[in-house]
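Here is what each chain is made of, one letter per residue.
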Amino acid sequence: MGILLACGDGLLSWRGSWRRVPCPILRADLAAEHAGQVAAVDNLAGLLWHDGELQPCDRSIEALRLWQGFALLLSSDTDCLSLWDAHGPVRTVRAGIYPQDMHLVGDHAAVCGGLDGMLRLYSLPGLELVLETELPGMPERVSIHGDQAYVLSLLPEPEVHTAVLRVDLRSRSYVRLMELPGLPGAVLAEGSGAWIAGSETLLHSPDRLCEADCLIDGFGLVRHLSAVRDRLLITDPVAGICAMYRRGALSVLYRGEVGQAIFTT
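The rules behind these values
Residues numbered from 1 in each chain as written. Predicted model: local features only at pLDDT ≥ 70, side-chain atom pairs only at ≥ 80, totals over all residues. Heavy atoms only, no water. Helix = DSSP H or I, 4+ residues; strand = E, 2+ residues; numbered from the N terminus. Rg over C-alpha atoms; globule rule 2.2 N^0.38 Å. Buried < 20%, exposed > 50% of the residue type's maximum accessible area, 1.4 Å probe, protein only. Contact = heavy atoms within 4.5 Å. Pairing = 2+ DSSP bridges. Axes fitted to C-alpha atoms, helices over the stretch in contact; angles between N-to-C directions. Patch = residues over 30% accessible without salt bridge, like charges linked within 9 Å, V, L, I, M, F, W, Y side chains within 5 Å. Areas by Shrake-Rupley, 256 points an atom, 1.4 Å probe, with all protein chains shown as cover. Salt bridge = Lys/Arg side-chain N within 4 Å of Asp/Glu carboxyl O. Disulfide = S-S within 2.5 Å.

Visitor: How should the overall build of the protein be read in this particular structure?
Guide: Scanning the protein from N- to C-terminus turns up 0 helices and 27 strands. Against the globule reference of 18 Å for 265 residues, the protein gives a C-alpha radius of gyration of 17 Å, in line with a compact fold. Dimensions along the principal axes, computed over C-alpha positions, put the protein at roughly 45 × 45 × 30 Å. Going through the 265 residues of the protein one by one, you find that 58% of them count as buried. Residue pairs at least 24 apart in sequence account for 37% of intrachain contacts in the protein once pairs closer than 6 positions are excluded.

Here is the structure:
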């Protein structure tokens, strides 16, 4: 099991130590890996590296995923979800107003619509809309486990705070689990509940409960989470760290300009 990190040094891999992945992108914000295929995005330069090809893309890509050899890109600049092959976009759909996050589950992509207040589910490869439900505030982060979606929604009044919602995708009903001060950071659903990050805080909420059984302070704003077995990979661009949390201990693996870190096969 390895780690792939998008950062100011480009694209790095970890198997005991950091090594640069041969890649024409000099700095990276987002990374994706599936079945040995790797992709990366540089939002500053507006570049996508995918299937060995370097292509121009929008500068405001919020999420990048790989699906059956294709790259999925979510842009808050064009408000679009697009499916790319090695030659460019092959299919594009409108996916909200300033959409902020996407979660890939099987042959479906869930997208937080941002300012339009919607959570949508699209089928692949056609990007047909198969589910749409309105949520309070501005949905900005999403992660799905089974038929449950955990969503972080920004509520601007009376003060900026984040609502943590659990959405039943069958009934489209939702439960407000808790509220956190500040901005949405990241969410990662798993069998035992969900890891949830907001301003300066990372916590774990047990399944079906409206409380936290683990709380970790000292962050700026965690933006990406990745997990495998008992290991949690955390990237915080505000604090400038990539860290590993395991068995109650937090270890910093990298300091600097960080984007997204993921576990790889």
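Visitor: Could you clarify how one ought to interpret the sheet that holds strand 1 (residues 2-7) in this entry?
Guide: Pairing between the strands of a sheet is mediated by backbone hydrogen bonds and can be parallel or antiparallel. Spatially, 4 strands are ordered 3-2-1-27 in an open sheet, and the strand pairing comes out antiparallel. The sheet terminates laterally at strand 3 (18-20) and strand 27 (258-264), the two strands that pair on one side only. Pairs of neighbouring strands in the sheet enclose a mean axial angle of 25 degrees, with direction left out of account. Here strand 1 runs beside strand 27; their pairing, made up of 5 bridges, is antiparallel. Residue pairing in the sheet places Cys 7 in a bridge with Val 258 of strand 27.

Visitor: Would you take a moment to explain the environment of Gly 220 for this structure?
Guide: Looking at where Gly 220 falls in the secondary structure, it is placed in strand 22 (residues 214-221). Sequence-wise, Gly 220 and Arg 172 are 48 residues apart; in three dimensions their C-alpha atoms are separated by 33 Å. Apart from residues lying up to four places away in sequence, Gly 220 is in contact with Ser 199, Glu 200, Asp 236, Val 238 and Ala 239.

Visitor: Is there a simple way to think about a nonpolar patch on the surface in this case?
Guide: Together, Ile 97, Tyr 98 and Leu 115 line one region of the surface with nonpolar side chains, adding up to about 290 Å² of accessible area. Along the chain, the position of Leu 115 falls in the loop between strand 13 (108-112) and strand 14 (118-123). Classification of Leu 115 by relative accessible area gives exposed; the value is 52%.

Visitor: Got a minute to help me understand the state of the cysteines in this structure?
Guide: Note: disulfide means a covalent bond formed between the sulfur atoms of two cysteine side chains. One pass over the full model with this rule turns up 0 disulfides. There is no disulfide at Cys 7, and the cysteine sulfur nearest it, in Cys 242, is 8.8 Å away.

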